[in-house]
Every structure is written in structure tokens, then in C-alpha cells.
Amino acid sequence: MTISAFDLKRRRRGIRIGQDVHPLGGRPKRMMDMTIALVALILAAPVMLAVALLILVTDGGPAVFSHTRVGFNGKRFACYKFRTMMANSERVLADYLASNPEAAKEWEQNWKFKKDPRITFLGHILRKSSLDELPQLINVLRGEMSCVGPRPVVPDELQRYGSCAIDYLKTRPGLTGLWQVTGRDAMDYPSRVSIDSRYVREWSLWADVVILVRTVFAVMKFDRAS
């Protein structure tokens, strides 16, 4: 097989043939991300400080945690969130799955619980209001996420996307997305994957603006976690 000079240059830069050089939306989407994230971070700074102090006072331990997520072209990054779970959440999860077969089945199907025993009282409030996701504005500024995009997933979870994984890897995952304004946590896993894929295939800058506006109303409902 003949490899072009362009492909050789991409290989030297660590980009595999078949991968995209630029994320979905290119410069216009990135400029919108930077503007919105910077303004939002400045406006939300007092709220973020208050949330961090509440977590420290009510539960102790770190206020912010990071979890590995898959980004554009499969690059992994540390996704930031306010901590909404108990400090020993991994042990609580292991014990819960071992003693509850129905919960284990739910976790296998959806990678989440309708009633998660690991979440603290304050954590429930933060999740329902989506305040727990404010630290992801830093991920947006760093170029690891977008204001709008597919739901960020962990490496093992991406395997469940099947052929739709190609669409996911074409863009940066989003702070919000079509999945959030369509159904949030009431949606089953295959539907979330399908909607994320449709967002990528039908993307436009105007669609991002509409999703951002709809996100405001979705968060104001305060009745579902993202």
C-alpha cells in the first residue's frame, strides 16, 4: 500500500491514518467554546467556591475529583467534577454489586443506578442541579472538552458504542449535549449512544446554540440528573 507524504507527516505527529486531524466544528466551534467557557467560569466562580466549601464542611476530603475519559481521536484526559460520592465509593460499589444481583444487572446495562448508594445528600442536590459539572469548564478551556458534544465516557464504556464509536471519536465530548436535553438519565443506554451519534452526523453551529439554550431549561427543571 502506498503511503502519501501527508500520511507520513501525520504518523510522525502520532496521528494514525484514518483519524481526523481537527475535531468536529473546527475553529468556529472552538472559538465559541472558549468564549462561553471563559465567561461562564468567571460568573460561576463564587458558586463554585461555595460548593467546594460545602463539600469540605459536610463530607471532608477533596472537593473536586477527576476520572479518566476518552476524548477526540481516543486521547484520554482527566475529566473534572465536584465530588458527589462518599470518599470510599469504590468499596461501597463493590459491596453493593456483590450483594445485589439486580443492581449488578442494572450496572451492566446502563453503567449507572437509578438510586446510587454512593451519592451523598449534598451530592444528590449537586447532580440534580448539574452544579457538579461546573469544573468541566476547565476541561473546555484546556481543549479536552466542548461546551456541546457527546457524553464523555470511560475507556471500557466506549467499547459498547460499537460502530457508533467512530462518530464519538470525531469530536470532543461535551459539557452538555443532545442526550441531555432529550432525556437525561431517563434514557436507556442504546438511546443515548444513538443520540450522541446523530448529533455528530448532523452537527451545525446553530444546533450547538439551540442545545445550549435548551440545556438552561433542562437544568431549571431540577428533576433529573444528567
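Residues numbered from 1 in each chain as written. Predicted model: local features only at pLDDT ≥ 70, side-chain atom pairs only at ≥ 80, totals over all residues. Heavy atoms only, no water.

Topic: the packing of aromatic side chains
Then, number 1: Applying the stated criterion to the full structure yields 2 aromatic pairs.
Then, number 2: Measuring from ring centre to ring centre gives 5.6 Å for Tyr 161 and Tyr 168, while their planes differ by 70 degrees; the resulting arrangement is edge-to-face. Accessibility assignment for this pair places Tyr 161 and Tyr 168 in one class, buried.
Then, number 3: Ring centres 6.3 Å apart and planes at 90 degrees place the aromatic pair Tyr 161 and Tyr 189 in the edge-to-face group. (Phe/Tyr/Trp six-rings, centres within 6.5 Å; stacked < 30°, edge-to-face > 60°. Buried < 20%, exposed > 50% of the residue type's maximum accessible area, 1.4 Å probe, protein only.)

Re a nonpolar patch on the surface
Then, number 1: A cluster of nonpolar residues, Val 213, Val 216, Phe 217 and Met 220, forms a patch on the protein surface that exposes about 430 Å² of accessible area.
Then, number 2: When you line up the elements, Phe 217 lands in helix H11 (residues 205–221). (Patch = residues over 30% accessible without salt bridge, like charges linked within 9 Å, V, L, I, M, F, W, Y side chains within 5 Å. Areas by Shrake-Rupley, 256 points an atom, 1.4 Å probe, with all protein chains shown as cover. Salt bridge = Lys/Arg side-chain N within 4 Å of Asp/Glu carboxyl O. Helix = DSSP H or I, 4+ residues; strand = E, 2+ residues; numbered from the N terminus.)

Quick notes on the pattern of salt bridges
Note that side chains of opposite charge can pair when their charged atoms are close.
Then, number 1: Enumeration according to the criterion identifies 6 salt bridges in this entry.
Then, number 2: Taking the shortest distance from any N to any O, the salt bridge between Glu 144 and Arg 142 comes out at 3.1 Å.
Then, number 3: For Glu 144, a relative accessible area of 17% gives the class buried.
Then, number 4: Arg 142 sits in the partly exposed class, given a relative accessible area of 49%.

Quick notes on the environment of Thr 182
Then, number 1: As for its placement among the helices and strands, Thr 182 is situated in helix H9 (residues 178–182).
Then, number 2: A relative accessible area of 40% places Thr 182 in the partly exposed class.
Then, number 3: Along the chain, Thr 182 and Ile 195 lie 13 residues apart, while their C-alpha atoms are 8.6 Å from each other.
Then, number 4: Once residues lying within four places of it in the same chain are set aside, the contact partners of Thr 182 are Met 187, Ile 195 and Arg 214.
Then, number 5: Here the side chain of Thr 182 touches Leu 178 through a polar contact of 2.6 Å, landing on its backbone oxygen. (Contact = heavy atoms within 4.5 Å. Polar contact = N/O pair within 3.5 Å; in protein donor to acceptor, adjacent residues only side chain to side chain.)

Looking at the UniProt feature "transmembrane region" (unreviewed entry) in the chain
Then, number 1: As annotated in UniProt, the feature "transmembrane region" (unreviewed entry) corresponds to residues 36–57 in the numbering used here.
Then, number 2: For residues 36–57, the end-to-end C-alpha separation is 31 Å, with 100% helix and 0% strand making up the annotated structure. (UniProt positions renumbered as here; feature names shortened; annotations may be inferred.)

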